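Residue-level structure breakdown
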Amino acid sequence: MDDFGKGIASVAVRRPYLAAVLNLLLVIGGLAALVALEVREMPNVDQPVLMLRAELAGASPETVDAELTAPLESATARVSGVTNIEAASEEGETRIRVEFDTGVDIDAAASDLREAASRVQRSLPDAVEQLTVTKSDPDARAIIQIAVLPDQFDYLTLGDRIENDIVPYFYAVPGVASVDTYGVRGLQMRVVFDPLQLSRYNIQVSDIADALEDASYDIPVGSYTSKVQQLLVRVDASAVTADMIEDIVIRDDIRIGNVAEAYFAPEDASNFVRLNGEPAIGLGIVRQANSNTMDISNRVRDIVSRLEAQHEDLSFVTISNKAVFIESATAEVLRTLGLTTLVVILSILLFFRKLQATLVPALVIPTALIGSFTAFWLFGFSVNLITLLALVLATGLIVDDAIVVLENIQRRQVLGEDRQTAAIRGTKQVFFAVIATTAVLVAVFIPISFLPSATGRLFREFGVVLAAAVVLSSFAALTLVPALGARMSLSDRTSRSGWLDRFGARIVQAYVAMVRRVIAAPALVVLLSLGFAGAVIYHLPLLNVELTPAEDRGEFETFAMGPDGVGVEYMQGQADEVDAAILPLLEQGDVRALYSVVGQWDINRVISKVALAPWDERERSQAEIIAEVKDHLAGIAGSRMRARGRGSLDTGPGSSGSGLEFFLTGGNYADIYNASLLLSEAMEAGPFSNVDISYNPTQPQLSIGIDRQSVASLDVSLTELSETLKVMVGGAELVDLNVDGRAVPVVLSAPTGLIQDVSDLRGINIRSSTGNSVPLSGLTTVTQVGVAAELNRTAQRRAIEMSADIGDLTLGAGLSEFEAIAETVLPSGIGYVLSGTANTFQETNRDLIMTYGFAIVIVFLVLVAQFESLTSPLVVMAVIPFGLCATLAAMILSGATLSLFSQIGLVLLIGLMAKNGVLLVEFADQAQHEGQNRHDAIVNAAKTRLRPISMTLISTMIGSLPLILSTGAGAEARAAIGWAIFSGLGLSSLFALFLTPALYVLITGTRTQEALPQTSQ
């Protein structure tokens, strides 16, 4: 390695243009790769998700769960690559969400899932329909929300325009999975019978239904072929207008128009949309897994511009667009990167005090940063917030090697060597140290790339990009720096007699004096360090832990959930109160738009998106605005109110950003529900609020029990009875008409107000087979019961989903409180499964602990291979735990939280501390190799390496200040990493500078020439 290092330096010095061209090629390659890279918010870590659906018309949730969901879920679990299954059983339908391992081919998985479902289909009830597998995730949230405002709100025509003239444009965008529509009411042909006319003509509801079945009569009967042409023959007797429907004959001369009225009308509203309190139509663009948000956003913007030109009577308002946050956050990171680069260069200038010398390591920055884009392209990475943060952190690292090389060349010039000799020998002398520190850093960053969870895949690009930047900076330091250093006079002392030099000299003298005292009593220093570490570990419970810091994403959501069984009109009133609480913020300028969907997901829910003003146009943060909104919502009676934001790492269905989500599992829903009530009460008594239980057996249901003996004795058909009840209660959709190329359902229903209570229902007459009218009261009993509208399953067990607000607690503290309460309250046989953000948090902590362990082991093995010794690597590695304890102490004292981003900063510190330790130990080993004893060797190493270590420490610490002080989109994540590095390096450097000499004296023995690697002459 000694000859190799000398050879590289010699070639670079003798052929400077070659060195320059090689580094310039790295820059050109990076620029070429940058053009081909896509831009995202986060690395592409989407899980392949499939949705298995099946319908069993009229079946209760209990029947669907037992006869449909359970066997399908069992078959799904046997499909290869499945990692998670969640199922929901509703009236007449089951939905099974199947999540697969990353890397599984979604098309092959869909084929396997269809095959598994088909194998059990024969054992399912015969009435099962629509057994389908789709590649969309119904829990995926819209990345773009658009409100459509018409000049005149005509539901009869507006819904048709939205569905046929607008929505197809968005479906044509590559990467769009679905377009959710809210406030749209489809066109129907309503046929409303007149009870008096039915009695007059002795017509039953079933007679009208039978006649309407033939309303759409369009049948191909074949083709006729002559000698010259072929003609297709169709029989068409379709009734496509209200008059034609009323003209359909029921029997004899009795037509539908005699007993009913037909007309086109919009379907009954299941949800409403409001924009700033005014009615609107809502569109939600949901992307496919693995698609690019930025690409979809750009195409959607173009489509909206074209639609505005085509539909002058419609206004399109984009309420929410995730690309806006991505663009703003990316711009902020790029500004931070530029500022960090400038700060690092200025800190180098402060030490070298010569512009010419400062430019040498400054040239390494673009070489390493731009050149690393080649690694982006080779590994299929994207330009995203994680990789850009990696480049920001790399800025302080990549100049380290150049500083070490240039400082050593300068030192040898000061000792009297000529420029070329100093460049060659100076580079050769630190060659091993540069390679060793680079290997150490790579050994730290690469393990991040192999974390198994979604968070591990998220930071895979982070680790690889940092490793690539460090490797390229080492190449530049060993080629470009000696080539330029050999042509510069670095030994000019005329400008080195100022107060700063005198101050620096006193610092060096004081440091050397302290090192001599340290190595005189090394055991005492180690004991004091152990005492410090023990104190930090004792106080670790005071450190708050969370998944990610609260982010200001420029938008948040409010939730209002009313009692089960209420109608949409009731929730409209609740939406009015939410509007009254938030719209004043619109006038103040903090809020840009308030977009509410009344009846989203369930009829008793109101979900509002509050879009905030741009970050630079408001003084208050998102958290402050949410706190004010919560105070206003607390005064609204009649519904449970919530307000919460979401983070960039909120994953999985139901992730609620600032809440805790989990499932209770058990053998039957009754036991689970009873346990959920106990748990909810205990959580409400503790630090939690707004505890929500998804399973509520309070949905009002009229249960009509049929007396089979009476039905048989009176000769009444069960089919006619059920069809009549369906028409009378909610209306029956009988057939679809083809009206101008679109399907329009024919709905037969009773007049409004005919059925107002149970007595009206029991007064309905049913015709028997003998033609007699039989009152329903003689055939049935009607009771009112409470039922659950939806039954959930997870991990093939019956489950009830719960969620709660954690208030001012961090997620880590909230999870600890929950686990303590659950352990005390939950009975035997009832377990819990974390979901959403809480599950991600748990996986992340487990994986990062593994990362710390692997990083330390790998770094130690790399150092052993490089030093050909066990003791020197042991000295370097023994300092790292104390440095981490110093960082944790700084976080406890400052009140900072330990989040995913700050933990990544801690992993980075492992590499930095190991790098500084290598610089000291490697030089001391060289000094022993030259004949010095270990005391003098470590003192000389400390004296010689103090300046380059200080330069790299200060440049990295100052380089982290722009991260801490950054503002705008995504500033919270940048500040978390920056503070971990700034505070960590500040305190851990004390251990690197003082504990390392003490451990070196205690652990290492006297080194002989045979025992040391040949690193210098």
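Residues numbered from 1 in each chain as written. Predicted model: local features only at pLDDT ≥ 70, side-chain atom pairs only at ≥ 80, totals over all residues. Heavy atoms only, no water.

Points about the confidence of the model for the chain
For the chain, per-residue confidence averages 80 on the pLDDT scale, and 93% of positions sit at 70 or higher. This stretch, residues 651-657, has a pLDDT under 50; its non-local contacts, to residues over four places away or in other chains, come to 22 contacts. When the criterion is pLDDT under 50, residues 1008-1017 qualifies, and its contacts beyond four places in sequence or with other chains add up to 25 contacts. (pLDDT = per-residue confidence, 0-100. Contact = heavy atoms within 4.5 Å.)

A closer look at unusual backbone geometry
Its identity is not glycine, yet N202 carries a phi of approximately 55°, on the positive side. Mapped onto the fold, N202 is located in the loop between α6 (195-201) and α7 (205-212). Exposure remark for N202: the relative accessible area of 43% places this residue in the partly exposed category. The backbone phi angle of N276 is positive, close to 55°, even though this residue is not glycine. Structurally, N276 is set in the loop between β13 (272-275) and β14 (278-287). (Helix = DSSP H or I, 4+ residues; strand = E, 2+ residues; numbered from the N terminus. Buried < 20%, exposed > 50% of the residue type's maximum accessible area, 1.4 Å probe, protein only.)

Describing the environment of R14
Relative to the elements of secondary structure, R14 occurs in helix α1 (residues 2-14). Separated by 468 residues in the primary sequence, R14 and P482 have C-alpha atoms spaced 9.9 Å apart.

So, the packing of aromatic side chains
One pass over the structure, following the stated rule, counts 10 aromatic pairs. Between Y669 and Y695, the ring centres sit 5.7 Å apart and the planes meet at 5°, which makes this aromatic pair stacked. Here Y669, found in helix α22 (residues 669-685), pairs with Y695, found in the loop between β22 (689-693) and β23 (699-706); they are 26 residues apart in sequence, far enough to count as distant. A residue is classified by how much of its surface remains accessible, and Y669, at 8% relative accessible area, is buried. Exposure remark for Y695: the relative accessible area of 13% places this residue in the buried category. Between F882 and F991, the aromatic rings sit 6.0 Å apart at their centres with planes inclined by 20°, giving stacked as the arrangement. Placement of F882 in helix α28 (residues 871-894) and of F991 in helix α31 (residues 971-1003) is noted, with a sequence separation of 109 residues between them. (Phe/Tyr/Trp six-rings, centres within 6.5 Å; stacked < 30°, edge-to-face > 60°.)

Let's talk about empty space enclosed by the protein
Per the counting criterion, the structure on display carries five cavities of 30 Å³ or more. Roughly 90 Å³ of internal volume is contained in the largest cavity. Forming the walls of the largest cavity are 14 residues, and the residues nearest its centre are M42, L385, L389, G970 and A973. Listing elements by their share of the lining of the largest cavity, those giving two or more residues are α11 (322-352), α14 (385-414) and α31. Each pocket or cavity is described by its volume, and for the second largest cavity that value is around 50 Å³. Every residue along the wall of the second largest cavity is listed here: V392, L393, G396, L908, T956, G959, S960, L963 and I981. (1 Å grid on protein atoms, 1.4 Å probe; cavity = no way out; pocket = protein on both sides within 12 Å on 5 of 7 lines; lining within 4 Å. Points joined across faces, edges and corners; volume = space filled by probe spheres on them.)

Considering helix α26 (residues 811-825)
With 15 residues, α26 should reach 21 Å at 1.5 Å per residue; the first-to-last C-alpha distance of 21 Å fits that figure. Restricting attention to buried positions, one finds in α26 the residues L811, G812, G814, L815, F818, I821 and A822. (Expected span 1.5 Å × (residues − 1).)

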